[in-house]
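Structural description and commentary
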Amino acid sequence: ARLARAAAGQGAQVRVIAPHTPGAAPEDTDDGVQVTRFRYAPDALERIGFQGDVRRSALSPAALLAAPGYLWAFRGALRRALGAFRPDVIHAHWWLPSGWVATGQRRVPVVVTCHGSDVRLLAQYRPLRPWARRVLGRAAAVSAVSRVMVNDLRQLLPGLATRLEVLPLPVEVDRFAAAAARPRPTPPRILFAGNLIAGKGVDLLVDAFADLVARGVPCELKLLGEGAAEPQLRAQAARLGVADRIVWSRFVPMDRMPEEYAAATVVALPSRGPRGEGLPLSLVEALMSGCAVVATPAGGVPEIVEDGATGWLVPDGDAGALARALREALTDPTVREARTSEGRRRVERRFAPEPAAAAFLELYRDVMTTGASRVG
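Here goes a summary of the coordinates provided. Bear in mind that the values here come from a model prediction, so they are computed numbers and not experimental data. (Residues numbered from 1 in each chain as written. Predicted model: local features only at pLDDT ≥ 70, side-chain atom pairs only at ≥ 80, totals over all residues. Heavy atoms only, no water.)

Some remarks on helix 5 (residues 117-124)
- Most of helix 5 sits out of view: six of its eight residues are buried.
- Within helix 5, the full set of buried residues consists of Ser-117, Asp-118, Val-119, Arg-120, Leu-121 and Leu-122. (Buried < 20%, exposed > 50% of the residue type's maximum accessible area, 1.4 Å probe, protein only. Helix = DSSP H or I, 4+ residues; strand = E, 2+ residues; numbered from the N terminus.)

See below:
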């Protein structure tokens with residue numbers, strides 16, 4: 001959505017095709033961008049594309065039940081757009097299912113962006129790799145949001161000749177800059193915002209928070225998200241005696257996230273595994289909002305957080321190291337402000353809408369000219 005708005009702001013004509021979700025209008029306009037949401041099932045089954053993870057979104061039982069109608073409706077919506085809008089280039093997000101649908105037509109060059117979960121899918125399910133190779137091989141170019149993902153694609157799909165680019169998606173700087181100017185509440189808050197699943201390491205964060213409480217560090221923890229691990233996390237917090245110090249919240253609309261960051265002093269993301277993240281924009285938004293960031297070096301996180309310069313990186317799975325980093329971020333304002341200011345300066349230079357959209361527009365123009373795939 002941010003890329004579409006930013007590209008339109010730089011003069012491109014943009015039309016978005018997306019799956020319908022309950023409560024959304026079939027046709028809408030967002031800052032000059034026309035949005036078409038195709039219906040493909042009754043409300044109870046329209047769950048593809050909005051679950052935050054391609055595995056849950058496209059491979060859940062409800063999604064598999066709705067998949068035939070989804071693909072039929074998606075192809076129909078694309079066919080109508082090709083006739084009415086006549087695009088010069090198609091930008092598909094995630095190779096599955098959008099990239100597969102978009103590259104099925106051969107009239108218009110396609111750029112496919114991989115976001116993270118779709119690449120991890122290939123690492124976990126080898127039989128999908130020939131399928132992905134066909135889809136990405138038909139694309140004029142493939143972008144990914146981090147260097148680690150581009151390297152993974154090269155390793156998982158050897159011989160793929162399609163042009164591969166690392167291109168970050170934009171963040172709306174102005175909305176988060178307003179949050180940075182607001183005073184932080186007391187006691188300071190640690191914020192986690194994301195899916196409550198084992199891979200996010202939220203259990204380690206609860207352990208680290210209990211350590212801070214035991215040491216008398218004034219703070220509270222907010223867990224903003226939903227997921228299968230929530231019952232276990234609540235039981236863990238109760239067992240450690242910190243349940244009353246944790247604020248639990250369901251996901252909030254994106255336009256409310258600046259106020260969530262404004263109420264936090266530190267944002268934590270202790271994800272597990274070397275590929276646990278693509279390029280988490282939540283850390284970019286946190287830095288833009290004036291929050292310190294503490295994270296593990298999962299996936300593309302080190303492309304945002306440089307330990308000792310723009311935040312704290314701690315070893316994966318080490319609750320003690322996580323607690324020590326959080327304690328320093330909470331209790332040493334001089335260090336915290338220095339790292340946060342430097343982090344904010346760097347991410348604004350890279351992720352602001354204008355430079356991020358300009359990089360994609362250059363890629364669009366290039367594939368419009370060349371048409372065919374080439375290595376870049």
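Digging into the sheet that holds strand 2 (residues 27-30)
- One open sheet accounts for three strands, arranged 1-3-2; its pairing is mixed. The sheet is open, and its two edges are formed by strand 1 (15-19) and strand 2, each paired on a single side. Each adjacent strand pair in this sheet contributes to an overall mean axis angle of 25°, direction not counted.
- Bridge analysis of strand 2 against strand 3 (residues 33-38) gives four bridges, and the strand direction is antiparallel. Paired with Glu-27 across the two strands is Thr-36, which belongs to strand 3.
- Where helix 3 (residues 61-84) meets the sheet, it contacts strand 1 and strand 3, and its direction lies at approximately 170° from that of strand 1. (Pairing = 2+ DSSP bridges. Axes fitted to C-alpha atoms, helices over the stretch in contact; angles between N-to-C directions. Contact = heavy atoms within 4.5 Å.)

Re the pattern of salt bridges
- In this structure the tally under the stated criterion is 23 salt bridges.
- One salt bridge connects Arg-250 with Glu-226, and the closest N-O pair in it is separated by 3.3 Å. Here Arg-250 is found in the loop between strand 10 (246-249) and helix 11 (257-262), whereas its partner Glu-226 is found in the loop between strand 9 (220-224) and helix 10 (230-240), with 24 residues between them in sequence.
- Of the residues examined, Arg-250 reaches a relative accessible area of 58% and is grouped as exposed.
- Glu-226 gets classed as partly exposed once you look at its relative accessible area, which sits at 26%.
- A salt bridge links Arg-345 to Glu-342; its shortest N-O distance comes to 2.6 Å. Of this pair, Arg-345 and Glu-342 both sit in helix 14 (residues 333-351), three residues apart, which is roughly one turn of the helix.
- Shared partners join several salt bridges into a network, and the residues in it are Arg-5, Asp-30, Asp-31, Glu-172 and Arg-175. (Salt bridge = Lys/Arg side-chain N within 4 Å of Asp/Glu carboxyl O.)

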